Amino acid sequence: MAFTQIAAVLDQLLHWEEGTAEPLLELPPDSDLGDAAFPCFTLAKSLRKAPQQIAADLAEQFVLEGVTASADGPYLNFRLDRSAYAASLLQQAEALPQFGTGETIVIDLSSPNIAKPFGVGHLRSTVIGAALYRMYAEAGERPISVNHLGDWGTQFGKQITAYKRWGSQEKLEASPIRESLDLYVRFHDEAANDPSLETEARSWFRKLEEGDEEAQQLWRYFVEVSLAEFNRMYERLGVTFDKVLGESFYNDKMGAVVEELRECGLLEESDGAQVVRLDEEDMPPCLILKSDGTTIYPTRDLATALYRHDVLGADKLLYVVGAEQSLHFRQVFAVLRKMDREWAANCQHIPFGLMKFEGKKMSTRRGKVVFLEEVLDEAVSRAAVIIEQKNPQLQDRSAVAEAIGIGAIIFGDLKNNRIGEIDFSLEEAVQFEGETGPYVQYTYARACSVRRKAMVESNTAVSVSHENLAAYTWDEASWELLKRLGDYENELQRGLRRQEPSVLARYALDIAKLFNRFYHHNKVLTDAAHERTVRLELTRLSALRLSRVLGLLGIRTPEEI
Ligand code: ARG
């Protein structure tokens, strides 16, 4: 707001078109230097003057009520009159964004595979995808989350074979994924010596595809028990889906896709398989039908995209899936373009990098499997130990430990740029110090406790009057906090532009740090009424922002820790 006014004056002084100066304004690295800065280097050439001289001249000519301008070398620095701006900044600190246009955005997230462990890639997809979903909703778009379960494929033939030979219902229900994995491993071990197993598995899968009663029933049962286990994790992670539509949902929708590709002359034979060539895009061909006539992953994604656009009414189709599938999505989108779906331009893969736990890969390879549930449990029990030390009196300790432990994992993921690799340290992530979820959660609880105390000590409702505001001395810490609280809409916008929840995680960290600094420098519950009301208001707004931002990231905020 203030920036826009400052920029407008600069535009005038420099005879620029309206709106030219605003993007050039910078935040000074150190708040002592002022609230905004305008670098004059780039003007030297066109004005034929030294940047220092330009800054000095502009400083002399600049007039705007409530703002002082001063030259500092090649920079023009601006300082706001804090009392004059405080009221509008307080308002801004509470404002909610409203820049969305109600676009329907289908977000593909999580999408684990039935009868296989929920991998770390699925965890990242779940956490990042759910955060983006909430961010879009907050901005005023219309996101639809879809869990595209991997519930179809030849592996179910193996699963049925193994289950029928060695499986037990009791074991499967007690620990569906573990038992499925054991069966899977056993199948491969035994198939090494007994090739008839592979034949049997193929025949079961064929039966499944043909709708055989027994095969269908077993398959449905596997899906059901795996999903029950996944759902337990989704609940802990605070994630829900608008739609759970597995790959099998598209079984009867792929024929039309293959037909259309054939009619348009896009299908070509290659080693017995049917492919769409993508030479002109410099990509390997996209496989559509295997040599035995069965459809595969890309075929399903083509049918899926058509469904999301035509039936769900998607304006945008986002896929939150690991970077290793980049080529797959580029191929699928390219085939859609060849099918003349101009909306293919609105399809977007949102990739992310690998995450390792204390240097170890969380993989599904034999033997060395780290189960997500174990990671969650471990985080929660570590959080419980720390809470026990910090506040043995705390009520509801186990619920708080759950919130902190899970929050540590979510935040430990989301504070990073999604595309980079993460070496996740549980040890660090659950600490209440450092750039962690628990640190932000703890700061929120601190703000709540200050508010609680104030209510106990005085029953007067807090409202900040003009007199209170005018009398308040805006020290550096209060002022910086107030300004940063008003950045919510900008940060959300930036986070969505880059589709990066980390932007908001960083914002939450900033608010937490600034609040803690403010709290250490200023006694909130002082006897001076005007100071007390303003500081209590800053405390309230900090808590409000923290819980809002953590909420978008999917992190719970207990009021007492
Ligand atoms: N189930 C797949 C996997 O685990 C991820 C699916 C991603 N979504 C999609 N529409 N292809 O690799």
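Higher on the page you've got the structure.
What counts, and at which threshold
Residues numbered from 1 in each chain as written. Predicted model: local features only at pLDDT ≥ 70, side-chain atom pairs only at ≥ 80, totals over all residues. Heavy atoms only, no water. Helix = DSSP H or I, 4+ residues; strand = E, 2+ residues; numbered from the N terminus. Buried < 20%, exposed > 50% of the residue type's maximum accessible area, 1.4 Å probe, protein only. Areas by Shrake-Rupley, 256 points an atom, 1.4 Å probe, with all protein chains shown as cover. Lys, Arg positive; Asp, Glu negative; His and termini not counted. Charge placed at Lys NZ, Arg CZ, Asp CG, Glu CD. Pairing = 2+ DSSP bridges. Contact = heavy atoms within 4.5 Å. Axes fitted to C-alpha atoms, helices over the stretch in contact; angles between N-to-C directions. Right-handed = clockwise from strand over helix to strand, strands pointing away. Near = heavy atom within 4 Å. Polar contact = N/O pair within 3.5 Å; in protein donor to acceptor, adjacent residues only side chain to side chain. Nonpolar A, V, L, I, M, F, W, Y, C, P; charged D, E, K, R; others polar. Parallel < 35°, antiparallel > 145°, perpendicular 65-115°, else oblique. Salt bridge = Lys/Arg side-chain N within 4 Å of Asp/Glu carboxyl O. Phe/Tyr/Trp six-rings, centres within 6.5 Å; stacked < 30°, edge-to-face > 60°. Lys NZ or Arg CZ within 6 Å of the ring centre and 35° of its normal.

1. Re the overall build of the protein chain
Here's step 1: Across its full length, the protein chain carries 22 helices and 14 strands.
Here's step 2: On the principal axes, the C-alpha backbone points of the protein chain span a range of 85 × 65 × 40 Å.
Here's step 3: Across the 561 residues in the protein chain, those meeting the buried criterion constitute 53%.
Here's step 4: Looking at the protein chain as shown, the accessible area adds up to about 25800 Å², and 48% of this sits on carbon and sulfur atoms.
Here's step 5: A gap of 3 Å separates the mean positions of the 63 positive and 86 negative side-chain charges of the protein chain.

2. Examining the sheet that holds strand S5 (residues 142–147)
Here's step 1: Here five strands make up an open sheet; going across it, the order is S6-S5-S4-S10-S11 and the pairing parallel. Looking at which strands have only one partner, the edges of the open sheet turn out to be strand S6 (243–244) and strand S11 (347–350).
Here's step 2: Where strand S4 (residues 104–108) meets S5, five bridges bridge the pair, whose relative direction is parallel. Its bridge partner being in S5, Ile105 is matched across the sheet by Pro143.
Here's step 3: Seen against the sheet, helix H12 (residues 297–310) touches S4, S5 and strand S10 (316–320) and runs at an angle of roughly 135° to S10.

3. What to know about unusual backbone geometry
Here's step 1: Despite not being glycine, Ala115 shows a phi value in the positive range, around 65°.
Here's step 2: Secondary-structure assignment places Ala115 in the loop between S4 and helix H5 (120–139).
Here's step 3: Among the residues examined, Ala115 registers a relative accessible area of 7% and is labelled buried.
Here's step 4: The phi angle at Asp396 is positive, at roughly 60°, despite the residue not being glycine.
Here's step 5: In this structure, Asp396 sits in the loop between helix H14 (372–390) and helix H15 (397–414).
Here's step 6: When its relative accessible area of 56% is taken as the criterion, Asp396 is described as exposed.

4. Concerning the pairing of strand S8 (residues 273–276)
Here's step 1: Burial along S8 is two-sided: the residues Ala273 and Val275 and Gln274 and Val276 are all buried.
Here's step 2: Looking at chain direction, strand S7 (residues 267–270) and S8 are connected through four bridges and run antiparallel. If you follow Leu267 over to S8, its bridge partner there is Val276.
Here's step 3: In sequence, S7 turns back onto S8 through a hairpin of two residues, with Asp271 there showing a positive phi of about 50°.

5. Quick notes on the pairing of S5
Here's step 1: In terms of burial, S5 is a largely internal element, five of the six residues being buried.
Here's step 2: This β-α-β element, S4 to H5 to S5, shows right-handed connectivity.
Here's step 3: Of the pairings in the sheet, the one linking S5 to S6 comprises two bridges and is parallel in character. The residue bridging Val146 from the neighbouring strand is Lys243, located in S6.

6. Some details on the site of the ligand
Here's step 1: With respect to spatial proximity, the complete set of residues near the ligand consists of Asp108, Ser111, Asn113, His122, His148, Tyr297, Asp301, Tyr319, Val321, Gln325 and Phe329.
Here's step 2: In this structure, a nitrogen atom belonging to the ligand sits 2.8 Å away from a side-chain N or O atom of Tyr297.
Here's step 3: In the environment of the ligand, a nitrogen atom lies 2.7 Å from a nitrogen or oxygen atom belonging to the side chain of Asp301.
Here's step 4: If the ligand stood free it would expose 350 Å²; the protein chains cover 89% of that surface.
Here's step 5: Residue classes in the shell around the ligand are distributed as four nonpolar, five polar and two charged.

7. Here we look at the packing of helix H6 (residues 155–166) against helix H10 (residues 213–237)
A pair of packed helices can be characterised by two numbers: the angle between their axes and the separation between those axes.
Here's step 1: One way to put it is that H6 packs onto H10 with a least axis distance of 10 Å and a crossing angle of 95°. The angle between the axes of H6 and H10 places the two elements in the roughly perpendicular class. Packed against H6, whose contacting residues are Phe156, Gln159, Ile160, Tyr163 and Lys164, the element H10 presents Glu214, Ala215, Leu218, Trp219, Tyr221 and Phe222 at the interface.
Here's step 2: When grouped by side-chain class, the residues that make up the contact of H6 with H10 number eight nonpolar, one polar and two charged.

8. Re the pattern of salt bridges
Here's step 1: Scanning all chains against the criterion turns up 35 salt bridges.
Here's step 2: Across the pair Glu427 and Arg382 runs a salt bridge whose closest N-O atoms are separated by 3.1 Å. Separated by 45 residues along the polypeptide, Glu427 in helix H16 (residues 426–429) and Arg382 in helix H14 bring together distant segments of the chain.
Here's step 3: A network of salt bridges, in which partner residues are shared, links Arg484, Asp487, Glu491, Arg494 and Asp510.

9. Considering the packing of aromatic side chains
Here's step 1: Across all of its chains, the model carries 22 aromatic pairs by this definition.
Here's step 2: Taking 5.6 Å as the distance between ring centres and 90° as the angle between the ring planes, the aromatic pair formed by Phe41 and Tyr75 counts as edge-to-face. You can see Phe41 sitting in the loop between strand S1 (36–39) and helix H2 (44–47) and its partner Tyr75 sitting in strand S3 (residues 75–80), a full 34 residues away along the chain.
Here's step 3: An aromatic cluster is present here, built from Phe118, Phe230, Tyr234 and Phe241 joined pairwise through their rings.
Here's step 4: For the cation-ring pair, Lys253 lies above Phe249, with the distance from its terminal atom to the ring centre recorded as 4.0 Å.
Here's step 5: When the ring centre of Tyr442 is taken as origin, the NZ or CZ atom of Lys390, which lies over that ring, is 4.8 Å away.

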